[in-house]
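Report on the structure
Now for the letters of each chain:
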Amino acid sequence: MRYTSRAILLVAAVALGACTNANRFDDKDAVVLGGAGAGAGDASNPASPAYFQQAVGDRVLFTVDQSRLSEEAKAVLDGQARWLQDNPEYAAIIEGHADEQGTREYNLALGARRANAVHEYLVSRGVAGSRLEVVSYGKERPIEICSDESCYAKNRRAVTVISAGLSG
Amino acid sequence: MHAGHYISGAGHLGLIGWLLWGGGFAPTPEPFEVSEVAVISSEEYAALTTPEPVPQAAPQPAAPSPPEDTDTPPERPTADADAPPARDDPEAAQPGTPDRAPDVSGLQRPAPAEADDSSPQRPAAPPESATLAPDTSDRPTPRPAPRVAPQPVAPPEPDARVDEVRQEERTPDEGADTPAEPQEATAPEAAATEIVTEAEEASAAAPRTSLRPRARPAAPQAVAEAPQDDAADEADPIRAALEEALGGADEPAPSAAQPSDAPAGPPLSQGERDALRVAVQNCWNVGSLSSAALATTVVVGVSMGRDGRPDVGSVRLIGSEGGSGEAVNRAFEAARRAIIVCGSSGYDLPEDKYERWRDIEMTFNPEKMRIK
Amino acid sequence: MMRMILTLLAVLGLLAAPVAAQDGPLRIEITEGVIEPMPVAVPDFVVGDGAAREYASRIARVVADDLSGTGLFREIPREAFISPITSFSSPVQFADWKAINAQALVSGAVEIGQDGRLVVKFRLYDVFAGQELGEGLRFASAPEGWRRMAHKVADAVYTRITGEGPYFDSRVAFVAETGPKNARRKRLAVMDYDGANVRYLTGGDDIVLAPRFSPDGEKILFTSYSSGFPRIYLMDVASLDLRALEEQPGSMSFAPRFGPDGRTVVYSMTRGGTTDIYTLDIDSGTTRRLTRSPSIDTAPSFSPDGTRIVFESDRSGSQQLYIMSLDGGSPERISFGQGRYGTPVWSPRGDLIAFTKQSKGRFHIGVMRLDGSEERLLTASFLDEGPTWSPNGRVIMFTRESQGADGQASLYSVDITGRNLKRMRTETGASDPSWSPLLR
């Protein structure tokens, strides 16, 4: 637990921060840092998780009630696969999310479908399945909180979160 | 943005959050207990509450206020006085199910003393119900009905009483009631005979299509009731006669063409019967009945006084259909309340025909009131 | 020819008619009534001895609130009372209660027994009929249990008048929510059905979802992210002992619900992007897979007899409701209306399915028969979901979430007639209610 629940706390705390100053952290999910001290590093360092998040792109978006990967999404995932192959010391958790238009249970399952779509694609691009885990948050963790399509579009996402390796 | 900022920011926010939420992360919630509640028998009750050999004199002088003292004497005998209600105590062991047994016997108990009580109240009841009306469900918005309900008005007596009658023709999907008389509006206005749920009333967005898919084919009923004039009855003598002859009629044909020579006076006109029916309807409140009771038709007998008031003790269950046991009793009680409450100031019935309505059997059929 | 016979019969009939009309009682049929709350008077309970004084009005208050909270009763304000009830055993002055149109009257008394327990007794009267309804009852409990005693009195009154089963002496498990939408903190909580006595069961570190009471009301199933992944857990409500039920690596499990036997759990598990329905025996830990489709099959709920399961599936292309037998056999679709149907819950009476429906951008709570007929939508809003039945199957509680960036979740209840929609008062946001069985 310890690791991920701390991670969740961290996400929560940062998101709370975003609340007090709406633009400061805009559109940047927290990069989860390894408990062992693996730093996010400088985004200018191509081997850092920060680079993965900002330059490669850590997320893909989906259309309403769908888990199909768009061409843009595949392009992003191709980059992710390359990065993961270049940095074998890292593992990743793929988080699937849904927007709030749906029942809780269905959205959990839908988020799982999205995360799984990303998982399968990365594996098909040569990333070892053993380095990847999937989790669905359904509609429990939106990053955008308005009740409009502008927010929903960003919430229907799968985020590849880099973690410190298989030890975790 | 550097990792250090994130970490530091997160740490600070975490700390602030901790303070704000009152250490919410820390608490391991404490186990809690639910108080036990036991149903107790009269013996147990007596044991709990009856003072033991202790001299009774002692507590009484000690009681501070005089009104308390007057209270206590009647309370002392409670141990005894309570004995009757205690009879039921097989349930003592099962607190969860109090009061299962439908005690028909209890319902039949005549209450002779009550006849007196009601008379002073006569003027009070109707206005009371009028003021109560707005309190009831505001959900069913009485909307102005596009069509005017054909109102059977008793032709012979165009006096005040009949006007009060509110009766609407029911078309299957016509939601709202039509108050017949704006100025005479009484309780029924606020009440609904149909349920308009939030889902249905939300104007534009709510899908109206899936409402009550195939609830009730009520239309024929309404049609059947529509012709109410004496003249109209002649249109159907064959059927009426047929039913009579076959003995299957549950209502004697109101044979208007036959001025009876019986001492009872002429039969009630259709208008008079309708007036009575509508008067009882206004008090037949099925709003507090279980779904099972709402599926139960009961036939209730009542004897009437010459003043048009029902003899409370005479209200009795004659038959029922559709429900069983408890549901029948609950349906009967609602019917009884209707008869008594609306009759407490006397029904408007022609006194010269008293023999015709001295005994009445009313069938309360909730089919149209059901929501299923 | 036919016509002639009819005419003949008609003549015969006309001859017979006057006799019948004259001899029998007048017969009328009442087919229309009104639907409104019944006026009920609940005066303060009589105080048997001074020590019980503080409970006299509090108990009457709770009884009156329970009754009027159903929407089936309307409390007559105290100010209208003509004569107070000063003695439990002396005859009731029905005229005084008729005058204020009280149709039902609840009179009661409280005292402290010799063992220190609080003793409550009550009687119920039909005012206009001038008689007692049923037999009075007495309850004893530690004084802290006064609320439960009040609920039991109200239950007895409600049951006696309406014919519905009791439900006030019950609790609701739910998820208490605080914090902004994108960092919401969720804690398991339990409260009395009317919102009193809130207790928190978890600390809020982990996301928790959808608690479900066991049939004996002593345990709660729920979904937690404490492992980092959604998994189902079993908690003992009294001791808070916690046990993970399903820990297969690489899977996520959620939407658990007890079967009527209290040891079978039905839930859904996601593996490789597909979500299927399983049962699990709590004692032995053996699981059984009930559905095998590439679709999302979730939100299962047992029939009260434990032989069937209703669940939602998008196997047809959109979320719809299905019923399947536990013995196997293919699921039968029961929902055919426009829109999407989810979170079906079998009513404790067994006759209805409550569900969440999405249609044209709005959410509804509705009910339908087991064959999908007679669908009725009871609510409509931006987001309603997750119905739960009262123990007697008469009331449905659900989650309603308000729209927008500062949207909040709260609990609402509605009568199955669609009347009496109201919001439950909770000190925090609240979601995912689960109504307990009647307490014992």
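Quick caveat, the model's predicted, so the values are computed rather than measured. (Residues numbered from 1 in each chain as written. Chains lettered and ligands numbered in written order. Predicted model: local features only at pLDDT ≥ 70, side-chain atom pairs only at ≥ 80, totals over all residues.)

When its secondary structure is counted, chain A shows 5 helices and 4 strands. Start at the N end of chain A and walk to the C end: the helices and strands fall as α-α-β-α-β-α-β-α-β. Long-range contacts, defined as pairs at least 24 residues apart, comprise 65% of the intrachain contacts of chain A with a sequence gap of at least 6. (Helix = DSSP H or I, 4+ residues; strand = E, 2+ residues; numbered from the N terminus. Contact = placed C-beta atoms within 7 Å.)

A few words on the overall build of chain C. From N to C terminus, chain C includes 4 helices and 32 strands. By its C-alpha atoms, chain C is 85 × 80 × 45 Å across when sized along the principal axes. Counting across all 440 residues of chain C, residues that qualify as buried make up 63%. Of all intrachain contacts in chain C linking residues separated by at least 6 positions in sequence, the fraction that spans at least 24 positions is 43%. (Buried ≥ 20, exposed ≤ 12 C-beta atoms within 10 Å, placed from the backbone.)

Let us look at the domain arrangement of chain C. All names here are of chain C. Considered domain by domain, chain C is made up of domain 1 (38–162) and domain 2 (171–435). Its C-alpha centre places domain 1 at a distance of 36 Å from the equivalent point of domain 2. Contact residues are listed per partner, giving 6 residues for domain 1 and 6 residues for domain 2. When residues of the side of domain 1 that touches domain 2 are assigned to their parent elements, the largest contribution, 3 residues, is made by helix H2 (residues 53–69). Class assignment of the residues belonging to the side of domain 1 that touches domain 2 gives a composition of no nonpolar, 3 polar and 3 charged. (Domains from an automatic or database assignment. Nonpolar A, V, L, I, M, F, W, Y, C, P; charged D, E, K, R; others polar.)

So, about the confidence of the model for chain C. Residue and element names in this part refer to chain C. Taken residue by residue, chain C gives an average pLDDT of 92. The fraction at 70 or more is 95%. With pLDDT under 50 throughout, residues 6–22 is counted as low confidence; its partners more than four residues away or in other chains account for 37 contacts. Both scores are available for the predicted complex, with the pTM at 0.73 and the ipTM at 0.90. (pLDDT = per-residue confidence, 0-100.)

Here we come to the nonpolar core. Core analysis: the largest hydrophobic core is formed by 211 residues, its most contacted members being B:Ala335, C:Ile59, C:Val63 and C:Val110. With 11 residues, the top contributor of residues to this core is helix H16 (residues 325–343) of chain B. Here this core spans two domains, and each of domain 1 (38–162) and domain 2 (171–435) of chain C adds at least three residues to it. When residues no more than four places from it in sequence are discounted, the contact partners of B:Ala335 are B:Trp284, B:Val298, B:Val300, B:Met362 and B:Phe364. (Core = buried A, V, L, I, M, F, W, Y, C linked by C-beta atoms within 7 Å.)

Residues and elements named next belong to chain C. Read across the sheet, 4 strands follow the order S11-S10-S9-S32 without closing on themselves; strand pairing throughout is antiparallel. The sheet is open, and its two edges are formed by strand S11 (199–200) and strand S32 (429–435), each paired on a single side. Across 2 bridges, the pairing between strand S10 (residues 185–192) and S11 is antiparallel. Counted as the bridge partner of Val190 is Arg199 from S11. (Pairing = 2+ DSSP bridges.)

At the interface, 37 residues of chain C touch 29 residues of chain A. Broken down by secondary-structure element, the contributors of at least two residues to the side of chain C that touches chain A are strand S12 (208–213), strand S16 (252–258), strand S20 (297–302), strand S24 (340–346) and strand S28 (384–389) of chain C. In terms of residues, the side of chain C that touches chain A owes the most to one element, S16(C), which gives 3 residues. When its residues are assigned to classes, the side of chain C that touches chain A shows 15 nonpolar, 17 polar and 5 charged.

Residue and element names in this part refer to chain A. Between its terminal C-alpha atoms helix H3 (residues 71–86) stretches 23 Å, which fits the 22 Å expected from 16 residues at 1.5 Å a residue. Within the sequence span of H3, burial applies to Ala73, Val76, Leu77, Gln80, Trp83 and Leu84. Each buried residue of H3 lies within a common arc of 115° when the element is viewed along its axis, so the set occupies one face. The exposed set on the far side of H3, more than 90 degrees from its buried face, consists of Glu71 and Asp86. Each element contacted by the buried residues of H3 is listed here: helix H2 (49–57), strand S1 (59–61), strand S2 (91–97), helix H4 (104–124) and strand S4 (157–163). (Expected span 1.5 Å × (residues − 1). Arc of directions from axis to C-beta.)

Residues and elements named next belong to chain C. One open sheet holds the 4 strands; their spatial order is S16-S17-S18-S19, and the pairing between them is antiparallel. What marks the edges here is a single partner per strand, and that holds for S16 and strand S19 (287–289). For this sheet, the mean inter-axis angle between neighbouring strands, taken without regard to orientation, is 30°. (Axes fitted to C-alpha atoms, helices over the stretch in contact; angles between N-to-C directions.)

Turning next to the pairing of strand S2 (residues 38–41) of chain C. Residues and elements named next belong to chain C. Burial of S2 is two-sided: the residues Met38 and Val40 facing one way and the residues Pro39 and Ala41 facing the other way are all buried. Pairing of S2 with strand S4 (residues 73–75) involves 3 bridges; the strand directions are parallel. Along S4, the bridge assignment pairs Pro39 with Arg74. Bridging between S2 and strand S5 (residues 104–112) involves 2 bridges; their strand directions are parallel. Considered in S5, the bridge of Val40 is made with Ala104.

Our focus in this paragraph is the environment of C:Arg440. Residue and element names in this part refer to chain C. Residue position: Arg440 is located in the segment after S32. We classify Arg440 as partly exposed; it has 14 C-beta atoms within 10 Å. Taking C-alpha positions, Arg440 is 43 Å from Lys360, a pair spaced 80 residues apart along the chain.

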